[in-house]
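Report on the structure
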Amino acid sequence: MANLKEIKNRIATVESTQQTTAAMKMISASKLRKAQLILQRLRPFSDKLHHIMVQTIQNGDVLLHSPFLEERKPEKVLLMVVTSNSGLCGAFNTVVLKAAMNHIKTKYLANPDVKEISVMCFGKKAMEFFAKQPYNVVGNHIELMAHLDYETYDQIAEDLLQSYKNHTYDLVEMVSNEFVNAVNYKTKVRRRLPFNIQECPVVGTESDYFLYLPDKNTVVHNIIPVSFKVRAYMRLAESVTAEYAARMTSMHKATENAIMLQKELKLRYNKARQAAITSEIIEITTGANALAAQ
């Protein structure tokens, strides 16, 4: 009977877990839909802004000397690492942290020009991980990833642009998960500063026509930092969206596993109960037969 009680308690525990994971799945699905709507509005704006910047600079008639286009020897590098604040989202954080460490090892440590490596953490998981690593952590933006807000992010991006302009960093890169669909995401390492216009494809056609006021140089000088801010913010939004998708998928699998375990435990409970009843019947029958034989 003690075994039956133990199995029954386990069934109740698994059932409670299944209800929790199902609720978390629904919450993640709701947040995912809202995050996808934000991405649908943000991507066209970011792409068009980037298109205007690249198209204008590659036209060749702009005498532009921007510090954000200047190629330097990467003596001081900054890696922006984007994770979530919480777990229960499968390998979402693990793949980012592995990609970040692999990138540091293969590109920074293997490069004799690199003298100083700094890390800017977006998300609690990145902060906890890099607190144990021998690298200079220059920022922990946990609150931003909890409530992604452009006004809060804008000040962070402005400080980062100023730091690059003042030669605090010579190279700024970002590693994050980028949203593909509800079940897939890609881990990417992207260069944020300086802009490499040569690697950017010429988009659009010759029929594209822009009217620049007051003039091209002024417009492009203002577009470059804005484009940096918007595209980096879009990567943060993609990471948040991918996080919700990963958590929804993870909770869906956890719910399915809980249901299967619940069925197995109920079957085991019924078998144990039958065995206990059979054993009691045999004991009663044996006792009755012994009394009859006296």
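Here the structure is shown first, and the text comes after it.
Presented here is a report on the structure given in the accompanying data block.

What counts, and where the lines are drawn
Residues numbered from 1 in each chain as written. Predicted model: local features only at pLDDT ≥ 70, side-chain atom pairs only at ≥ 80, totals over all residues. Heavy atoms only, no water. Axes fitted to C-alpha atoms, helices over the stretch in contact; angles between N-to-C directions. Helix = DSSP H or I, 4+ residues; strand = E, 2+ residues; numbered from the N terminus. Parallel < 35°, antiparallel > 145°, perpendicular 65-115°, else oblique. Left-handed = near helix turned anticlockwise from the far one by under 90°. Contact = heavy atoms within 4.5 Å. Nonpolar A, V, L, I, M, F, W, Y, C, P; charged D, E, K, R; others polar. Expected span 1.5 Å × (residues − 1). Buried < 20%, exposed > 50% of the residue type's maximum accessible area, 1.4 Å probe, protein only. Arc of directions from axis to C-beta. Phe/Tyr/Trp six-rings, centres within 6.5 Å; stacked < 30°, edge-to-face > 60°. Lys NZ or Arg CZ within 6 Å of the ring centre and 35° of its normal. Core = buried A, V, L, I, M, F, W, Y, C linked by side-chain atoms within 4.5 Å. Pairing = 2+ DSSP bridges.

Here we look at the packing of helix 5 (residues 150–165) against helix 6 (residues 216–293)
One can describe the packing of helix 5 onto helix 6 by two numbers: an axis separation of 10 Å at closest approach and a directional angle of 125 degrees. By the angle between their directions, the pair helix 5 and helix 6 is classed as oblique. Taken as a pair, helix 5 and helix 6 cross one another with a handedness that is right-handed. Only Pro225, Phe228, Lys229, Val230, Ala232, Tyr233 and Leu236 of helix 6 make contact with helix 5, whose side of the interface consists of Tyr150, Tyr153, Asp154, Ala157, Glu158, Leu160 and Leu161. Grouping the amino acids of the contact of helix 5 with helix 6 by side-chain chemistry returns eleven nonpolar, no polar and three charged.

A short note on helix 5
Each α-helix winds once per 3.6 residues, and so residues spaced three or four apart point in a common direction. Look at helix 5: 22 Å from first C-alpha to last across 16 residues, which is about the 22 Å you get at 1.5 Å a residue. Residues Tyr153, Ile156, Ala157, Leu160, Leu161 and Tyr164 constitute the buried set of helix 5. One face of helix 5 carries all of its buried residues, which in axial projection span an arc of 140 degrees. On the buried face of helix 5, the contacting elements are strand 1 (76–82), strand 2 (116–122), helix 4 (142–146), strand 4 (171–181), strand 5 (184–193) and helix 6. After helix 5 finishes, the residue histidine 167 shows a positive phi value of roughly 65 degrees.

Here's the deal with the packing of aromatic side chains
This structure, assessed with the given rule, holds six aromatic pairs. Judged by centre distance (5.5 Å) and plane angle (70 degrees), the ring pair of phenylalanine 92 and tyrosine 185 falls under edge-to-face. Pair noted here: phenylalanine 92 is in helix 2 (residues 92–108) and tyrosine 185 is in strand 5, with a separation of 93 residues, a long-range link. In this structure phenylalanine 92 comes out as buried when scored by relative accessible area, which is 0%. Note on tyrosine 150 and tyrosine 233: the rings are 5.0 Å apart at their centroids and 80 degrees apart in plane angle, and the pair reads as edge-to-face. Note that tyrosine 150 is positioned in helix 5 and tyrosine 233 in helix 6, a separation of 83 residues in sequence. When its relative accessible area of 30% is taken as the criterion, tyrosine 150 is described as partly exposed. Judged by relative accessible area, tyrosine 233 falls into the buried class, the value being 11%. Here the aromatic residues Tyr150, Tyr153 and Tyr233 are joined through ring pairs into a cluster of three or more. A cation over a ring is seen here: arginine 72 above tyrosine 164, with NZ or CZ 4.0 Å from the ring centre.

Focus on the nonpolar core
Core analysis: the biggest nonpolar cluster contains 50 residues, and Phe122, Leu160, Val172, Leu193 and Leu236 have the highest contact counts within it. Looking at this core, the elements that each hand over two or more residues are helix 1 (2–58), strand 1, strand 2, helix 4, helix 5, strand 4 and helix 6. Considering each element in turn, this core owes the most residues, 17 residues, to helix 6. Not counting residues up to four positions away in its chain, the partners in contact with leucine 160 are Leu78, Met80, Met120, Tyr169, Val172 and Phe228.

As for the sheet that holds strand 1
A sheet is described by the order of its strands in space; here five strands give the open sequence 3-2-1-4-5, paired in mixed fashion. Of all strands in the sheet, those with a lone pairing partner are strand 3 (136–140) and strand 5, marking the two edges. Each neighbouring strand pair of the sheet contributes to a mean axis angle of 25 degrees, computed without reference to strand direction. In this structure, strand 2 lies alongside strand 3, joined through four bridges in parallel fashion. Across the sheet, cysteine 121 pairs through a bridge with asparagine 140, a residue of strand 3. Lying over the sheet, helix 2 contacts strand 1, strand 2, strand 4 and strand 5, oriented at roughly 145 degrees with respect to strand 4.

Topic: unusual backbone geometry
That bond from leucine 193 to proline 194 is cis: its omega, -5 degrees, falls within 30 degrees of zero. Take proline 194: it is sitting in the loop between strand 5 and helix 6. For leucine 88, which is not a glycine, the phi torsion comes out positive at approximately 60 degrees. Structurally, leucine 88 is set in the loop between strand 1 and helix 2. For leucine 88, a relative accessible area of 54% puts it in the exposed group. For histidine 167, which is not a glycine, the phi torsion comes out positive at approximately 65 degrees.

Considerations on the side chain of serine 239
In this fold, serine 239 is placed in helix 6. Setting aside its immediate chain neighbours within four residues, serine 239 contacts Val82, Phe92 and Asn177.

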